[in-house]
Each structure stands twice: as C-alpha cells, then as structure tokens.
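# Geometric and topological summary
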Amino acid sequence: GKETRKLKRTFLFLMPKAYSREATAVKALELFSEMWDKKTRQKPRGVIFTNTLAESNEVIQSIRDSITAIEVGGHTTDYDPERIDVELQFKRKKIDWLVATSTLELWVDYGDVDFVVIFGMPRRLSSFVQRIGRAGRKRDAVVFVVFNPDIPLDYYFYESHKLLSDGALREKAMEKEVLTIGLLNEEATR
C-alpha cells in the first residue's frame, strides 16, 4: 500500500517592535518569497487575512510598494463583481497573493496555498483555525502570525504561542470557546 505523509504547517510568530506591522509582514514575506523561489523556481501562493478593510488596503499598498514581482489582489467584504473577479483571478493563478477579510474564512478552497498570514489575531480561536486552514491542504505550508503589540488579545496569544501551533491544545481551547445555552451545559444550568 501507498503510505500517506501528514502535511505540516510551520508557524512563524512575529511581534513587531521597531517597525510597523505592515513593514514587518512585508519584510518577512519578501524574504520568504525569495527563499521559496530559490527552492521551487515558483512564486509562493498565499492568503493574507486582516481583521478590517482598512488594514487590508494598507497591507495591499505596502506589498505593492515593496514586492513588485508579486501580483496581489484585495478581497473586500462587499459582494460585487470586482470581488468575484479577484477570487477567480486568484483561483486561476493570475494573482499570487490574496489579501482578505474574514469573509474568506469559511467554505473556500483555493487548492495549493503555500502560506497564510494572520495579520492581527481574530477575536475567536475558531476564526484563527479557519484562517490557517486555507493553507496546507495539499502540501506543507507556512503560517505567519503578525501580532499587534497594542492589543492585549494579540499579546496574550503571542505569549501563549503553543496554543496556536499545537493542534491538540487548540482543539481543547476551542471546546471552551463555544458555550451553548441549554440543560446540557452545566455552567448555564448552575
């Protein structure tokens, strides 16, 4: 029989101190892209998740200003023809990197995504899991987590990085994240 190898996600946690979050993320992606190209002779494909549309626009502009060899597209929360066109271009590999808000967390499979960037922690660990799940479906992938040092939630997860990179710990923590109201929930019953 053919033995299947488990796919691996490699995590890189970044807490910017001297530079802005955008500059830190872009520099890390620039170095990663150069290394990837030397190894594979291809551009890496990736999705960069932001928490707000304003952050998406800033990240897109920073990438376009710094990494001219990469075609980057933006994904907005609006459902309009431009959004559909950007998604199709990414699926057809005409766009290398897609900058997205939370609307791409669920129900989207773009196949061979080599990396994901989490640009600021989402409010829920389950959202983090959905975001990192866009990469590493068909081959090994890299997950960059760029924390915001000014947000306590980001700082907590930076200090607790094992919770983010260890699948078993994440699952256990997510069990506590969802509290259903009902007789089966001991906390609610009490």
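Residues numbered from 1 in each chain as written. Predicted model: local features only at pLDDT ≥ 70, side-chain atom pairs only at ≥ 80, totals over all residues. Heavy atoms only, no water.

### What to know about the pairing of strand β6 (residues 141-146)
Most of β6 sits inside the fold, with six of its six residues counted as buried. On β6, burial covers both faces: A141, V143 and V145 on one face and V142, F144 and V146 on the other are all buried. Across six bridges, the pairing between strand β1 (residues 9-14) and β6 is parallel. Following the sheet pairing, F11 is matched in β6 by V143. As defined by bridge partners, strand β5 (residues 115-119) adjoins β6 across five bridges and the pair is classed as parallel. The partner of F115 across the bridge, within β6, is V142. For the segment spanning β5, helix α4 (residues 125-132) and β6, crossover handedness is right-handed. (Buried < 20%, exposed > 50% of the residue type's maximum accessible area, 1.4 Å probe, protein only. Helix = DSSP H or I, 4+ residues; strand = E, 2+ residues; numbered from the N terminus. Pairing = 2+ DSSP bridges. Right-handed = clockwise from strand over helix to strand, strands pointing away.)

### Quick notes on unusual backbone geometry
Even without being glycine, R41 reaches a positive phi, approximately 60°. Residue placement: R41 occurs in the loop between α1 (21-40) and β2 (46-50). Even without being glycine, K93 reaches a positive phi, approximately 65°.

### Section: the packing of α4 against helix α7 (residues 167-177)
It is the contact of α4 with α7, at a shortest axis distance of 9 Å, that shows an interaxial angle of 135°. Classified by the angle between their axes, α4 and α7 sit oblique to one another. Counted together, L125, S126, F128, V129 and I132 of α4 and R170, A173, M174 and E177 of α7 form the full contact between these two elements. (Axes fitted to C-alpha atoms, helices over the stretch in contact; angles between N-to-C directions. Parallel < 35°, antiparallel > 145°, perpendicular 65-115°, else oblique. Contact = heavy atoms within 4.5 Å.)

### Things to note about the packing of aromatic side chains
What the rule picks out here adds up to ten aromatic pairs. Ring centres of F13 and F147 lie 6.1 Å apart, and the angle between their planes is 25°; this geometry places the pair in the stacked category. Taken together, the residues F13 in strand β1 and F147 in the loop between β6 and α5 (152-159) connect sequence positions 134 residues apart. Aromatic pair F32 and F115: ring centres 5.5 Å apart, planes at 75°, arrangement edge-to-face. In this pair, F32 is assigned in helix α1 and F115 in strand β5, connecting sequence segments 83 residues apart. Residue classification places F115 among the buried positions, given a relative accessible area of 0%. Cluster of aromatic residues (ring-pair linked, three or more members): F11, F13, F147, Y155 and Y158. One residue, R45, lies across the ring of F90, its end atom 4.2 Å from the ring centre. (Phe/Tyr/Trp six-rings, centres within 6.5 Å; stacked < 30°, edge-to-face > 60°. Lys NZ or Arg CZ within 6 Å of the ring centre and 35° of its normal.)

### Regarding the side chain of R131
Among the structural elements, R131 can be located in helix α4. On the basis of relative accessibility, which here comes to 2%, the residue R131 falls in the buried class. Polar contacts involving the side chain of R131 include one to the side chain of N51, which spans 2.9 Å. (Polar contact = N/O pair within 3.5 Å; in protein donor to acceptor, adjacent residues only side chain to side chain.)

### Topic: the pattern of salt bridges
The tally for this structure, following the rule as stated, stands at seven salt bridges. The salt bridge involving D112 is made with R45; its shortest N-O contact spans 3.8 Å. Here the residue D112 occupies a position in the loop between β4 (97-100) and β5, and R45 occupies one in the loop between α1 and β2, the gap between them amounting to 67 residues. The shortest N-O distance in the salt bridge between K93 and D112 comes to 2.9 Å. Taken as a pair, K93 in the loop between α3 (81-91) and β4 and D112 in the loop between β4 and β5 lie far apart in primary sequence, 19 residues in all. Assessed through its relative accessible area of 48%, K93 is described here as partly exposed. The network of salt bridges with shared partners includes R45, K93, D112, D114 and R139. (Salt bridge = Lys/Arg side-chain N within 4 Å of Asp/Glu carboxyl O.)

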